[in-house]
Each structure stands twice: as structure tokens, then as C-alpha cells.
Amino acid sequence: MPQTILRWEQADAPELPDFRIERDGELVDYIWPERTREWWAVWAESPQAEHFGTTDWQVLMETALVHARLWSGDLTVAAELRLRVAAFGATPADRARLRMVFAEADGLDGGRGASGAPTAREVYGNLRMMPGGGGGGARDAAAGS
């Protein structure tokens, strides 16, 4: 299947909306849990947010409703919340799976990676092929070369 190239459209984080819900036959103002307001502010200021478009914020806003349900005592939504925030790179494991890295980290370690170990180029950069070596390894040995 061919790749679809989209025009990039960065969007700023919207505010959590004011809305009404039906409770006991009446419409009442919905009050976001304080913990969800804090959670929303964290996402709005996160490095990932620089790469969110309008549809990303829409999905994250729907995820805020799931978060609000969790913090209002509905523990049945915990797995759904975890799946949703994973798609946005919530944890180090999520970011690794999504191939996200923090830009500052690239320069700080001199390109050595998180372990600080020498790069493969530093370790093996002086190796050269021996004269007559075809690079075939076991295949050449089996063929009697």
C-alpha cells in the first residue's frame, strides 16, 4: 500500500471544554476532576505536544474524559486510558516503541547512547578487510575458497 503524505499542521492545546451532562433528568455543568485538569496541563506542556495536530488534540480530549472517569472512581477504564496515552508516548517504553527521543539527549552523550558505551564506529572503525577477503565468511569457507 502506498504511503500517504499529509500536510503538517501543528495545533496548540485547546482548553478543556465546558459542557453539560444529564443527571437525574436535568442538565448540569460538568466539573472536570482537578487531577484531570493537572493531567491536561502536563500534556499541553509536554515535548510531544509540539507534534500534535488538531486530530491528535481531539483524541487526547476524548482521552481526558476517560481520565476523568478513572479519577472519579471508575477503575474499569484504566486499561483504555493506558492504551490511549501509549499512542501519545506517555512512558519511556511508549516513546521507545514510537521511536521518540529527546533532542537534548542526543548532544549531551556525544552520540554514545544512554549507556555511555563507545559507539560501534569507535570500537570497529579501524577494522579493514584482509587482502583476498571476499567478506563471505562461512559461505566462502564451505565453498573451499
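Residues numbered from 1 in each chain as written. Predicted model: local features only at pLDDT ≥ 70, side-chain atom pairs only at ≥ 80, totals over all residues. Heavy atoms only, no water.

## Brief notes about the packing of helix α1 (residues 34-45) against helix α2 (residues 54-71)
Part 1 of the reasoning: The contact between α1 and α2 brings their axes to 9 Å, and the two run at 150°. As summarised for this structure, α1 and α2 are arranged roughly antiparallel, according to the angle between their axes. When the axes of α1 and α2 are compared, the crossing they make is right-handed. The residues of α2 that touch α1, namely those facing R35, T36, W39, W40, W43 and A44, are W57, L60, M61, T63, A64, H67, A68 and W71.
Part 2 of the reasoning: Of the residues in the contact of α1 with α2, the class split is 10 nonpolar, three polar and one charged. (Axes fitted to C-alpha atoms, helices over the stretch in contact; angles between N-to-C directions. Helix = DSSP H or I, 4+ residues; strand = E, 2+ residues; numbered from the N terminus. Parallel < 35°, antiparallel > 145°, perpendicular 65-115°, else oblique. Left-handed = near helix turned anticlockwise from the far one by under 90°. Contact = heavy atoms within 4.5 Å. Nonpolar A, V, L, I, M, F, W, Y, C, P; charged D, E, K, R; others polar.)

## Quick look at the packing of α2 against helix α3 (residues 78-86)
Part 1 of the reasoning: It is at 9 Å that the axes of α2 and α3 come closest, and there the two elements cross at 150°. In this view, α2 runs roughly antiparallel relative to α3, as classed from their interaxial angle. By crossing handedness, the relation of α2 to α3 is classed as left-handed. Across from V59, E62, T63, V66, H67 and L70 in α2, the residues of α3 making contact are A78, E80, L81, R84 and V85.

## Considering the pairing of strand β2 (residues 26-29)
Part 1 of the reasoning: Note: strand β1 (residues 20-23) against β2, four bridges, orientation antiparallel. Its bridge partner lying in β2, I21 is registered against V28.
Part 2 of the reasoning: Hairpin connection from β1 to β2: two residues lie between these consecutive antiparallel strands, with D24 at a positive phi of about 55°. (Pairing = 2+ DSSP bridges.)

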